[in-house]
Amino acid sequence: MIDIIKVLQERNPALGTYILVLRPDSRALAEPERLTLECETWMRLRTPGARLSRETVLLAPYPGGMPTERTVTVLAFTEAQHLAAFATAWTADPEPDGEPA
């Protein structure tokens, strides 16, 4: 994953230092180009300046494999704390209803 981040930052320096590549099945995504309304609202309140981007990168399917072009969904944050807050809230498995978080 770190290699992907480095390639994305070199390819598009405007993304900045604090970026996260979302998996296609991320619960934060409504579709590849759009966050869910719940996630958008959460981000607007807690991660001002963050933005969603679609980026193309060459990725190998496994170490030593032939790289192929792939488009990924990226979130760019203005602060490390915002990236950490998003990762904590949106990449962990959701708590089942009725159980404390």
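Quick caveat, the model's predicted, so the values are computed rather than measured.

Enquirer: Go over the packing of aromatic side chains with me, naming the residues and quoting the values.
Expert: What the rule picks out here adds up to four aromatic pairs. Plain terms: the ring middles of W42 and W90 are 6.3 Å apart, the flat faces sit at 80° to each other, and that makes the pair edge-to-face. In this pair, W42 is assigned in helix α2 (residues 37-46) and W90 in helix α3 (residues 80-90), connecting sequence segments 48 residues apart. When its relative accessible area of 6% is taken as the criterion, W90 is described as buried. One aromatic cluster is present, built from ring pairs that chain together W42, F77, F86 and W90.

Enquirer: Can you break down the pattern of salt bridges residue by residue, with the values?
Expert: Scanning the model with the defined rule gives three salt bridges in all. Of the charged contacts, one joins R34 and E31 as a salt bridge, the two residues approaching to 3.5 Å between their closest N and O atoms. In this structure E31 comes out as partly exposed when scored by relative accessible area, which is 36%. One salt bridge connects E33 with R54, and the closest N-O pair in it is separated by 3.8 Å. On the criterion of sequence distance, the pair formed by E33 in the loop between β2 (29-31) and β3 (34-35) and R54 in strand β4 (residues 51-59) is long-range, its members being 21 residues apart. For R54, a relative accessible area of 33% corresponds to the partly exposed category.

Criteria and cut-off values
- Each chain has its residues counted from 1, running along the sequence as written.
- Only residues with pLDDT of at least 70 are given local features in this predicted model, and only at 80 or more are side-chain atom pairs given and counted; all residues enter the totals for whole chains, interfaces and linings.
- Side-chain metrics in this entry use all non-hydrogen atoms of the structure; hydrogen atoms and water are not considered.
- The rule is short: rings of Phe, Tyr and Trp, with Trp giving its six-membered ring, pair when the centres are within 6.5 Å, and they are stacked under 30 degrees, edge-to-face over 60, tilted in between.
- The way it works is that DSSP assigns letters per residue, a run of H or I at least four long becomes a helix, a run of E at least two long becomes a strand, and they are numbered from the N terminus.
- Exposure classes here rest on a 1.4 Å probe applied to the protein chains alone. A residue is buried below 20% of its type maximum, exposed above 50%, and partly exposed in between.
- Salt-bridge detection follows one rule: a side-chain nitrogen of Lys or Arg within 4 Å of a carboxyl oxygen of Asp or Glu.

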